[in-house]
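# Residue-level structure breakdown
Each chain, written out:
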Amino acid sequence: MNTITTANRIPGFVWAYRFPPGAGKAERLSEDMQRTGLFDGEGFVWLHLNLVDARVAAFLEEVPGLNEPARTALTTHETHATITVDEQMLFGTLVDFQRDFDQETSDIGWLHFVFTDRFLITTRLQPLRSVERVRMAVEKNAAKFTNPIDLFELLVVEFQRTLISLVIEITEELNLIEDFVYDNAPRDERRRLAPVRRTIVRLHRHLRTVLTLMRRAAASDDEEMPLGFEDVAGRLTGRLESVDHDVYALQERARLLHEEIDSKLSSEINRHLYILSIMTALLLPPTLVTGFFGMNTSSLPFSGGGAGTEYAVVLIIASMVLAWWLLKRVNIL
């Protein structure tokens, strides 16, 4: 096996941990450490890199045990999930959520990874929730991580836990929207519901993709699969499926709320049109009367006497009463 011989610092370095066998604590490696001997020694290493540094790709070419597809997976900027099993190595891209300094967001981020029995290498462009939580777990209790697949499993578990928290937040938001929708006061909640539905659709799409990829990777040839991955994939698939059911239920609930809002708005519009139609029907006969008497022609009725205006007003009222009676007769009013 080749070793890293370049004596420069690691480009894009965010953190690195070495997990010696049998040790109860992981050794956090310094950011000014040299490349030489990073992956030498017993145990395994977790190296986390920032892809903002353009030199990361050149550094990865020197890492022993990485083939070209794995290096491509670590440096890609594509925004879709992938999981590939090759030569007892697992690599690809996972969905995660971004962190903004100390604030967690619901913006989608992408974590690229490669792991073998000797190391786990992860790369990203933006700070991510799950990665930071796994780092904190390593700092708190590194003894439970005996090989890189344990770190990978916790990364996916933390993503699932983040999904659960988002499901709870979205459920509360839908509860508030639902209260307004079924309230007596008419309100248009479509603008408030639209971003919630968009978030749910994105979550469901990415979650279904990860589930499909996990099942496909678990069905790979045993000789190609990393040791223990089949059991890990089974556990992770079960966890993600439970969240997927919740997200699907939220999607259906949001769809029904949207339909209810549309139904209420349609009813309100129909009520307004009904009122306008009644007003038009009641005012049309008086309009005909005033139009008739407004003609500049000779021999108009009531034009010669002094009470012509009063007669015209009586005709207008009579026409409105007649229109009202006809509407009642045909059960429109």
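What counts, and where the lines are drawn
- Residues numbered from 1 in each chain as written.
- Predicted model: local features only at pLDDT ≥ 70, side-chain atom pairs only at ≥ 80, totals over all residues.
- Heavy atoms only, no water.
- UniProt positions renumbered as here; feature names shortened; annotations may be inferred.
- pLDDT = per-residue confidence, 0-100.
- Helix = DSSP H or I, 4+ residues; strand = E, 2+ residues; numbered from the N terminus.
- Contact = heavy atoms within 4.5 Å.
- Core = buried A, V, L, I, M, F, W, Y, C linked by side-chain atoms within 4.5 Å.
- Buried < 20%, exposed > 50% of the residue type's maximum accessible area, 1.4 Å probe, protein only.
- Phe/Tyr/Trp six-rings, centres within 6.5 Å; stacked < 30°, edge-to-face > 60°.
- Lys NZ or Arg CZ within 6 Å of the ring centre and 35° of its normal.

An unreviewed UniProt entry annotates the protein chain as Magnesium and cobalt transporter protein of Rhizobium rhizogenes. Its UniProt record gives the protein chain a comment under Sequence similarities (unreviewed entry), which states: "Belongs to the CorA metal ion transporter (MIT) (TC 1.A.35) family." Regarding the protein chain, the UniProt comment filed under Subcellular location (unreviewed entry) reads as follows: "Cell membrane".

### Some details on the confidence of the model for the protein chain
Looking at the protein chain as a whole, the pLDDT averages 84, with 92% of positions reaching at least 70. For the protein chain, helix 7 (residues 308-329) is the element with the lowest average pLDDT, namely 80, and strand 7 (residues 119-124) is the one with the highest, namely 93. Note on residues 1-7: pLDDT is under 50 here. Beyond four places in sequence and across chains, it has 17 contacts.

### Notes on the environment of Met33
Among the structural elements, Met33 can be located in the loop between strand 2 (27-28) and strand 3 (44-50). Once the C-alpha coordinates of Met33 and Gly238 are considered, the two residues, 205 residues apart in sequence, prove to be 40 Å apart.

### With respect to the nonpolar core
Side chains of nonpolar character tend, in soluble globular proteins, to be buried together. If you look at the biggest cluster of nonpolar residues, it comprises 63 residues, and the most contacted ones within it are Phe19, Trp46, Val138, Leu151, Phe152, Leu174 and Phe229. Looking at this core element by element, the count peaks at 15 residues for helix 4 (residues 148-181). When near neighbours in sequence (up to four residues on either side) are disregarded, Phe229 contacts Leu90, Ile149, Phe152, Met214, Ala217 and Ala218.

### Re the UniProt feature "transmembrane region" (unreviewed entry) in the protein chain
UniProt annotation of "transmembrane region" (unreviewed entry) refers to residues 273-295 and 307-327 when read in the numbering used here. With 91% helix and 0% strand, the stretch residues 273-295 has end C-alpha atoms that lie 31 Å from each other. For the annotated span residues 307-327, helix accounts for 95% and strand for 0% of the residues, and the straight-line distance between the end C-alpha atoms is 31 Å.

### Focus: the packing of aromatic side chains
In the structure shown here, the tally under the stated rule is nine aromatic pairs. Here Phe19 and Phe145 contribute two aromatic rings whose centre-to-centre distance is 6.3 Å and whose plane-to-plane angle is 70°, an arrangement assigned as edge-to-face. Of this pair, Phe19 sits in strand 1 (residues 13-19) while Phe145 sits in the loop between helix 3 (129-140) and helix 4, and the two are 126 residues apart along the sequence. Phe145 carries the same exposure label as Phe19, and that label is buried. Seen in terms of ring centroids, Phe97 and Phe159 are 5.8 Å apart; in terms of plane orientation they differ by 20°. Their pairing is stacked. With Phe97 in strand 5 (residues 89-100) and Phe159 in helix 4, the pair connects residues that are 62 residues apart, well separated along the chain. Of note, Arg135 hangs over the ring of Trp15, and the distance from its end group to the ring centre comes to 5.6 Å.

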